[in-house]
Structure formats: C-alpha cells, structure tokens
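Now for the letters of each chain:
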Amino acid sequence: MSHRAHDYRHLVERWRTVARKSGVPLRRLVRADGYEHFYLRTPALAQTGGIYFSAGIHGDEAAATEALITWAEQQGKKLRHLPLLLLPCLNPWGLVQNIRLNRQGADLNRGFDRTDLPVVEAVKRVVAGHQFEASVMLHEDYDGQGIYLYEIQRVQPHWGEALLKAARKHLPTDPRIWIDGRKTAKGIHRRRIDKKRFEQIGYPEAVWLHFEHSERTFTVETPSEFALERRVAAHIAVIEEVVLRVVG
Ligand SMILES: [Zn+2]
C-alpha cells in the first residue's frame, strides 16, 4: 500500500506502468491548473456498454485515486480486455494540496452544466458518443461513518445493495439516516433526479452522465477518517462487483 496518496507524480508513474504492462495507452486529457490530466480507454470499449470509472474530482478524497490505480495494477494484461473508460484523477492540483476544489476555487463536481471549465470540457470530449452501461464515481466523506452510495434511479433491479455488500468485509455500511441533508436507507440514497434542483446548484458528474451517457450511475463514498487501507479495499470491492455485473 502506497503512503504517497497525495503524490500526483507518483500516481502518474504508476499509471504509466499499468499502461505499459496492459498495452492500454495513457492518453492526455488536458493540461489544467499546472498539471497534465490523463485518461485510458481500453480497446474492448465500444460506443455502447462498458463502464466509466472516475476518481479524484475532489482532491481531499485520496482513497478514491489510490483505489482506482491499485485495482488497475491488479488486473495486469486483463485490463485491455475489459470495456472501460478510466479517469484516474480529475483534480491533481486538489490532490496535491489536499483540497476539494480546483485551483480557481471551483467544485468541478458542480460544473458539468458549465462550459468554462477546461477539465470538464475535456471529459465531455472524451465521452462524446459513448453510452455506458454503468458509471462509477469514487468519492469520500469526512463525516462518513461507513461506506454509502448514491444510485440514480432508473434500471431495475438496483445494484446498490450488492455493491455495499461486496464492500462490507472492509467497511461497515454508514448507519446514518440523514446524509448531506437527504434521507438514506442502509447506506443507499436512491433518487430520481430533480433537474431544477441541479440547475440551481450545478451539475455533478453523476447527474450529467445519467442524462447524457449512462444507464446506471453510482457515487460511492468512503469515510475519510477510517484507515486508508480499508477505504481503498472497500472501493476496490465495489469496482470488482460492478465489473462482474457488466462483464461477467
Ligand atoms: Zn467527493
């Protein structure tokens, strides 16, 4: 386990190694806030189907970026045969500073309805034309008392319960009934999207994906006060469960 979870240069080196070993190129997404951003698109990904994984849009949620690279490292050559779009770290400046926002003080996860954020625009370009079976955003919550998730309501049966179950050997399910001012049951906040509400507060990545590019959309939150190893393991368990459900 790396204890350099806020070391972006080290993170990129690890992704370069994954790229070399798997044969999936590490592509340049955009340069913003003084950092190169990257993405990977596996050759197995078609226009329809597959999975979108993203991490690090909030810089103070280090288990997210750490989990995605650790899981990718574990795949070896198999990675290229999985249908994936991977966004390893959408806010490197924030990761290095251990800050949620980007360098201009913007919450990128409220900016997917904007057109003036270079990182968001770059993500939109890369995703154009894709319709994913599932999208998973890896996050953390410093108020968290366990793992929980948001599942946008559309396709049934729902997967949220199974994803939390997969993570349970590493982290308890967050027992809170009210999370972020919204009612939550057994660690799952499942909702239909109120477009008007998000037009006021700004579009999160998940809401944009739900409307434009993804059948199922999950935002997974681990508790950032718990040990890094457990948070990383829990995120990896969720990633594995989603891959299993999409790819078999
Ligand atoms: Zn977050």
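Whatever comes next refers back to the structure up there.
Being a predicted model, the structure only gives us computed values, none of them experimental.

A. Looking closely at the layout of surface pockets. Approximately 470 Å³ is the volume attributed to the largest pocket. If you trace the largest pocket, you find 26 residues lining it, with Arg 100, Arg 110, Tyr 150, Asp 180 and Glu 221 closest to the centre. At the level of secondary structure, the elements contributing two or more residues to the lining of the largest pocket comprise strand E5 (132-141), strand E6 (148-152), helix H6 (195-201), helix H7 (205-212) and strand E10 (214-223). The residue makeup of the lining of the largest pocket, split by class, is 8 nonpolar, 4 polar and 14 charged.

B. Spotlight on unusual backbone geometry. The amide bond that connects Gln 156 to the next residue, Pro 157, takes the cis arrangement and shows omega of -5°. Tracing the backbone shows Pro 157 in the loop between E6 and helix H5 (160-167). Of note in the backbone geometry, Asp 180 takes a positive phi value of approximately 55° without being a glycine. Summarising the element assignment, Asp 180 is placed in the loop between strand E7 (178-179) and strand E8 (182-183). By relative accessible area, Asp 180 is classed as exposed at 57%. Backbone geometry at Lys 186 places phi at a positive 50°, although glycine is not the residue there. By the element assignment, Lys 186 lies in the loop between E8 and strand E9 (188-191).

C. Local environment of the pairing of strand E4 (residues 84-87). The alternating pattern of E4 places Leu 84 and Leu 86 on one face and Leu 85 and Leu 87 on the opposite face, and all of these are buried. Sheet analysis places strand E2 (residues 35-41) next to E4, joined by 2 bridges and oriented antiparallel. Each residue of the ladder has a partner; that of Arg 41, found in E4, is Leu 85. Here 4 bridges tie strand E3 (residues 51-55) to E4, and the two strands are oriented parallel to one another. Across the sheet, Tyr 52 pairs through a bridge with Leu 85, a residue of E4. One crossover worth recording links E3 to the parallel E4 by way of helix H2 (residues 62-75), and it is right-handed.

D. View of the pairing of E10. Judged by how many residues are buried, E10 sits mostly within the fold: 9 of 10 residues are covered. Pairing of E6 with E10 involves 4 bridges; the strand directions are antiparallel. When the sheet's bridge partners are listed, Tyr 150 is paired in E10 with Thr 219.

E. Inspection of the pattern of salt bridges at higher detail. For the structure shown, the criterion picks out 18 salt bridges. Notably, a salt bridge pairs Asp 7 with Arg 4, separated by 2.8 Å at the nearest N-O pair. Classification of Arg 4 as partly exposed rests on a relative accessible area of 45%. Via salt bridges that share partners, Glu 151, Glu 161, Arg 190 and Arg 216 belong to a single interconnected network.

F. Molecular detail of the coordination of the zinc ion. Distances from the zinc ion to its protein donors, namely His 58 (ND1), Glu 61 (OE), Glu 61 (OE) and His 139 (ND1), fall within the range 2.1 to 2.3 Å. Around the zinc ion, the 4 donor atoms are arranged such that angles at the metal cover 58 to 147°; this shape is classified as irregular. Judged by relative accessible area, His 139 falls into the buried class, the value being 3%.

G. Fine view of the packing of aromatic side chains. One pass over the full model with this rule turns up 7 aromatic pairs. The ring of Phe 198 has Arg 197 sitting right over it, with the charged end atom 4.9 Å from the ring centre.

H. How the structure looks around H7. Within H7, 6 of the 8 residues are buried, leaving the element largely enclosed by the surrounding structure. Looking only at H7, the buried set comprises Glu 205, Ala 206, Val 207, Trp 208, Leu 209 and His 210. On its buried face, H7 sits against E3, helix H4 (118-127), E5, E6, H6 and E10.

I. The arrangement of the packing of H5 against helix H8 (residues 228-247) in detail. For the pair H5 and H8, the least separation of the axes is 8 Å and the interaxial angle reads 135°. Considering the angle they form, H5 stands oblique to H8. Seen along the crossing, H5 lies across H8 with a hand that is right-handed. Contacts between H5 and H8 involve Ala 162, Leu 163, Ala 166 and Ala 167 on the former and, on the latter, Ala 234, Ala 237, Val 238, Glu 241, Val 242 and Arg 245.

J. Local environment of the nonpolar core. Formed by 52 residues in total, the largest nonpolar core has its most connected members in Trp 15, Phe 53, Trp 71 and Val 242. For this core, the element with the most residues is H8, which contributes 10 residues. Membership of the second largest hydrophobic core comes to 30 residues, among which are Val 30, Ala 32, Tyr 39 and Val 120.

What counts, and where the lines are drawn
Residues numbered from 1 in each chain as written. Predicted model: local features only at pLDDT ≥ 70, side-chain atom pairs only at ≥ 80, totals over all residues. Heavy atoms only, no water. 1 Å grid on protein atoms, 1.4 Å probe; cavity = no way out; pocket = protein on both sides within 12 Å on 5 of 7 lines; lining within 4 Å. Points joined across faces, edges and corners; volume = space filled by probe spheres on them. Helix = DSSP H or I, 4+ residues; strand = E, 2+ residues; numbered from the N terminus. Nonpolar A, V, L, I, M, F, W, Y, C, P; charged D, E, K, R; others polar. Buried < 20%, exposed > 50% of the residue type's maximum accessible area, 1.4 Å probe, protein only. Pairing = 2+ DSSP bridges. Right-handed = clockwise from strand over helix to strand, strands pointing away. Salt bridge = Lys/Arg side-chain N within 4 Å of Asp/Glu carboxyl O. Donors = N, O, S within 2.8 Å, 3.2 Å for Na, K, Ca; no water. Tetrahedral: all angles 85-135°; square planar, octahedral: opposite > 155°, others 65-115°. Phe/Tyr/Trp six-rings, centres within 6.5 Å; stacked < 30°, edge-to-face > 60°. Lys NZ or Arg CZ within 6 Å of the ring centre and 35° of its normal. Contact = heavy atoms within 4.5 Å. Axes fitted to C-alpha atoms, helices over the stretch in contact; angles between N-to-C directions. Parallel < 35°, antiparallel > 145°, perpendicular 65-115°, else oblique. Left-handed = near helix turned anticlockwise from the far one by under 90°. Core = buried A, V, L, I, M, F, W, Y, C linked by side-chain atoms within 4.5 Å.

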